[in-house]
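Below, each chain spelled out in residue letters.
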Amino acid sequence: MDANLTFTLVVAAVAVAVVAMLVATVVLFVKVFRTRRLLLQAGVPLTNRAAYWGALIYVVSPVDLLPDPVYLDDIGVLLLALRSLHAASAGAVAHVQGRERKGSRTRSTRPRSLGSP
């Protein structure tokens, strides 16, 4: 192979990799903002949302407890944040169901007869 052709292929491969990384970054950025909106709409408490965002910042940051080739600390932090969100969502569902049950007790579900006012 010619050195010029090799250089061109390497530059093309790097350009494709950079474009792919930019596309992946934009897709992840959109998903993060959708997640933010969903967390707000779901009524997840602030402490649980802070745990999620803190874990996300920790994963992206260059400062780690373990060196970067070992992602065990990042995975552990993300799992703890997801567990926190799962517990908060289960609590929110229980709260909503309890509110619905309480509302159904106060309303009469029996049909009214024609003679009753």
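## Here we look at the packing of helix α1 (residues 3-42) against helix α2 (residues 46-60)
Right, so step 1: The contact between α1 and α2 brings their axes to 11 Å, and the two run at 165°. It follows that α1 is roughly antiparallel to α2 by the angle criterion. Judged by the sense of rotation from one axis to the other, the crossing of α1 with α2 is right-handed. Between α1, through V32, T35, R36, L39 and L40, and α2, the contact on the second element is made entirely by R49, Y52, W53 and L56.
Right, so step 2: Classifying every residue of the contact of α1 with α2 gives six nonpolar, one polar and two charged.

## Structural notes on a nonpolar patch on the surface
Right, so step 1: A grouping of L65, L66, V70, Y71, L72, I75, L79 and L82 is seen on the molecular surface, where their side chains present a nonpolar patch of about 820 Å² in accessible area.
Right, so step 2: Along the chain, the position of L66 falls in the loop between α2 and α3 (72-106).

## Topic: the nonpolar core
Nonpolar side chains tend to gather and get buried jointly when the protein is soluble and globular.
Right, so step 1: Among the nonpolar cores identified, the biggest contains five residues, and these are L39, V44, Y52, L85 and A88.
Right, so step 2: When near neighbours in sequence (up to four residues on either side) are disregarded, A88 contacts V44, P45 and N48.

## Focus: the side chain of D74
Right, so step 1: Summarising the element assignment, D74 is placed in helix α3.
Right, so step 2: Buried within the structure, D74 lacks any salt-bridge partner; its nearest side chain of opposite charge belongs to R83, at an N-O separation of 18 Å.
Right, so step 3: When sequence neighbours within four positions are dropped, the list of residues in contact with D74 reads Y58, V59 and D64.

## Describing α1
An α-helical turn contains 3.6 residues, so any two residues separated by three or four positions project in the same direction.
Right, so step 1: For α1, spanning 40 residues, the distance from its first C-alpha to its last is 58 Å, which sits close to the expected 58 Å at 1.5 Å a residue.
Right, so step 2: Once α1 ends, the next one or two residues include G43, with phi positive near 75°.

## Some details on α2
Right, so step 1: When the terminal C-alpha atoms of α2 are compared, their 21 Å separation across 15 residues agrees well with the 21 Å that a helix rising 1.5 Å per residue should span.
Right, so step 2: Every buried residue of α2 is accounted for by N48, R49, Y52, A55 and Y58.

## With respect to the environment of G76
Right, so step 1: Looking at the element boundaries, G76 is found in helix α3.
Right, so step 2: By relative accessible area, G76 is classed as partly exposed at 28%.
Right, so step 3: A sequence separation of 21 residues divides G76 from A55, and the C-alpha atoms of the two residues are 9.3 Å apart.

Reading the values: the criteria
Residues numbered from 1 in each chain as written. Predicted model: local features only at pLDDT ≥ 70, side-chain atom pairs only at ≥ 80, totals over all residues. Heavy atoms only, no water. Axes fitted to C-alpha atoms, helices over the stretch in contact; angles between N-to-C directions. Helix = DSSP H or I, 4+ residues; strand = E, 2+ residues; numbered from the N terminus. Parallel < 35°, antiparallel > 145°, perpendicular 65-115°, else oblique. Left-handed = near helix turned anticlockwise from the far one by under 90°. Contact = heavy atoms within 4.5 Å. Nonpolar A, V, L, I, M, F, W, Y, C, P; charged D, E, K, R; others polar. Patch = residues over 30% accessible without salt bridge, like charges linked within 9 Å, V, L, I, M, F, W, Y side chains within 5 Å. Areas by Shrake-Rupley, 256 points an atom, 1.4 Å probe, with all protein chains shown as cover. Salt bridge = Lys/Arg side-chain N within 4 Å of Asp/Glu carboxyl O. Core = buried A, V, L, I, M, F, W, Y, C linked by side-chain atoms within 4.5 Å. Buried < 20%, exposed > 50% of the residue type's maximum accessible area, 1.4 Å probe, protein only. Lys, Arg positive; Asp, Glu negative; His and termini not counted. Expected span 1.5 Å × (residues − 1).

By themselves these figures say nothing about function.
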